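Observations on the model geometry
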Amino acid sequence: MEAISKHRTLLLLGAAVALTWLYLSRRKRQLRWVGEVSQLFLYPIKSCKGIPLQEAECREYGLKDGQLRDRHWLVVKEDKVHVTARQEPRMVLITATCDGGNLTLAAPEMNDLKIPLTLPKTNAVFACKVHGNEVQGRDCGDEVSNWINSFLKRSQMYRLVYFEDAMKPRDPKKEFSLYTESGKVAYPDLAPILLISEASVENVNAKLEKKVSTRNFRPNIVVSGCDAFAEDTWNEIQIGSQVTLKRVMPCPRCILTTVDPDTGIINMKEPLETLR
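Just so you know, the residues in each chain are numbered from 1, in the order the chain's sequence is written. Residue-level local features of this predicted model are given only where pLDDT is at least 70; pairs of side-chain atoms are given and counted only at 80 or more, and the full residue set underlies all totals for whole chains, interfaces and linings. The side-chain quantities take in all heavy atoms of the structure and omit both hydrogens and water.

Moving on to the overall build of the chain. The secondary structure content of the chain amounts to 4 helices and 19 strands. Sorting the 276 residues of the chain into buried and exposed places 50% on the buried side. Carbon and sulfur atoms provide 49% of the accessible area of the chain, an area that totals close to 13,700 Å². Only DSSP runs of H or I reaching four residues or more are called helices, and only runs of E reaching two or more are called strands; each is numbered from the N terminus. When a residue's accessible area, from a 1.4 Å probe over protein chains only, is under 20% of the maximum for its type it is buried; when over 50% it is exposed; and in between it is partly exposed. Only the protein chains shown count as cover for residues, with accessible areas throughout obtained via the Shrake-Rupley method and a probe of 1.4 Å.

If you want it as structure tokens, here you go:
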């Protein structure tokens, strides 16, 4: 889904926020209540651990919490092609948080590492590839590269890059015709925001021997109070009084859903086979 609100609006979770489906009539715009926002997640580094939030800012590029932005950091190989938990499942165990002016990385059996949120302009800017599409990123330095390689136990040099405000975003309309001309994407696969309902996950779990978590699907916004897969029918939704989201397309699911978010182990089968 694409955030089309131009306002700095907070999505709040204290008291459940009403989610309404918008539809147009010839006379006036009408609202119908369809559910409530129950969970929010932000993923600072693409394919790494999601951070649960009580509130978040909804921006053009996705959710924002203070100085953390959703999927604005990216791990790349030496050829600058992006790396995800499809290739490196243990990436989901890496946590990125904000501590003052630093991004703090943490992972099992690793010392925490702090890197500056504002990178030196002398750091190289790479033309990175995300699913074959070019997008810029500023290199975060050798120290964080060594840290990531050490945790993932890889000899090749993975590097971390950051998408800065002044950089040119991907033009998703060139990738997917359903986007509008104003669509902007940094490092997400498809869209700035992914929404899913609790009922849809529960429906899938009812068919599985080993249950999965909502976190297997890596959503930004989780909705309660609706029927399973009802979210597939919402073309335009409103959260609270100002945040408006427009559906671009369904999100195709891949083997990333089969990575256990608690262990970093990939099984390559479920829940993907059941979803098929």
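Now that the structure has been shown, the text picks up again.
Side chains on a regular strand alternate between the two faces of the sheet. A one-sided burial pattern is seen for strand E12 (residues 113-116), the buried positions being Leu 113 and Ile 115 and the unburied ones Lys 114 and Pro 116. Strand pairing is defined by DSSP finding a minimum of two bridges between the two strands. Pairing of strand E11 (residues 102-106) with E12 involves 4 bridges; the strand directions are antiparallel. Bridged to Thr 104 within E12 is Lys 114.

What follows covers the sheet that holds strand E10 (residues 95-99). Ordered by their spatial adjacency, 3 strands build an open sheet running E10-E11-E12, and the pairing between neighbours is antiparallel. Looking along the sheet, the strands with just one partner apiece sit at the ends: E10 and E12. When strand polarity is set aside, the average angle formed by the axes of neighbouring strands in this sheet is 30 degrees. Note on contacts: a residue pair is in contact if any heavy atoms of the two residues lie within 4.5 Å. Angles run from 0 to 180 degrees between N-to-C directions of axes, and those axes are lines fitted to C-alpha atoms, restricted for helices to the stretch in contact. Contacts from helix H1 (residues 142-152) reach E11 and E12, with the element oriented near 145 degrees to E12.

With that settled, the discussion passes to the environment of Ile 51. Along the polypeptide, Ile 51 turns up in strand E5 (residues 51-53). Here the alpha-carbon distance between Ile 51 and Phe 41, two residues 10 residues apart in the chain, equals 5.3 Å.

In this section: the confidence of the model for the chain. For the chain, per-residue confidence averages 88 on the pLDDT scale, and residues scoring 70 or more make up 89% of the total. Confidence of the predictor at the level of single residues is captured by pLDDT, which takes values from 0 to 100. Note on residues 1-8: pLDDT is under 50 here. Beyond four places in sequence and across chains, it has 35 contacts. The low-confidence segment residues 22-27 (pLDDT under 50) makes 12 contacts with residues lying over four places distant or belonging to another chain.

Looking now at the state of the cysteines. Only a pair of cysteine sulfur atoms within 2.5 Å counts as a disulfide in this structure description. On inspection of all chains with the given rule, the structure shows 0 disulfides. Cys 251 carries a free sulfur, and the closest cysteine sulfur to it, the one in Cys 254, is 7.7 Å from it. Cys 254 sits in the partly exposed class, given a relative accessible area of 23%.

Attention now moves to the packing of aromatic side chains. Here the aromatic set is Phe, Tyr and Trp, taking the six-membered ring for Trp, and pairing holds for ring centres within 6.5 Å; pairs whose planes are under 30 degrees apart are stacked, those over 60 apart are edge-to-face, and all others are tilted. Inspection of the entire model under this criterion finds 5 aromatic pairs. Note on Trp 147 and Phe 151: the rings are 6.4 Å apart at their centroids and 25 degrees apart in plane angle, and the pair reads as stacked. In this pair, Trp 147 and Phe 151 are both assigned in helix H1, 4 residues apart and thus about one turn of the helix distant. Pairwise contacts between aromatic rings join Tyr 61, Phe 163 and Tyr 187 into one cluster. The positively charged end of Lys 80 is found above the aromatic ring belonging to Phe 126, 4.4 Å away from the centroid. The rule for a charge over a ring is simple: NZ of Lys or CZ of Arg within 6 Å of the ring centre, and within 35 degrees of the ring normal. Above the plane of the ring of Phe 151 lies Arg 90, whose end atom (NZ or CZ) is 4.2 Å from the centre.

Moving on to the pattern of salt bridges. For this document, the term salt bridge refers to a Lys or Arg side-chain nitrogen within 4 Å of an Asp or Glu carboxyl oxygen. A complete count under the given rule lists 13 salt bridges for this structure. A salt bridge links Glu 60 to Lys 184, with the shortest nitrogen-to-oxygen separation between them at 3.8 Å. Taken together, the residues Glu 60 in the loop between strand E6 (55-59) and strand E7 (62-65) and Lys 184 in the loop between helix H2 (172-175) and strand E16 (195-197) connect sequence positions 124 residues apart. Looking at Lys 184, the relative accessible area reads 32%, which means it is partly exposed. A single salt-bridge network, built from bridges that share partners, covers Lys 46, Arg 86 and Asp 189.

Right, let's get into the sheet that holds strand E14 (residues 133-139). Judged by pairing direction, the sheet is antiparallel, and its 4 strands sit side by side in the order E9-E15-E14-E13 without closing on themselves. Lying at the two open borders of the sheet, with one neighbouring strand each, are strand E9 (73-76) and strand E13 (125-130). Across this sheet, the average inter-strand angle for adjacent strands is 50 degrees, counted without regard to direction.

For the rest of this paragraph, the subject is H1. Among the residues of H1, those classed as buried are Val 144, Ser 145, Trp 147, Ile 148, Asn 149, Phe 151 and Leu 152. Against the buried residues of H1 lie E9, E11, E12 and strand E15 (159-162). Note on H1: the residue one or two positions beyond its end, Lys 153, has a positive phi of about 55 degrees.

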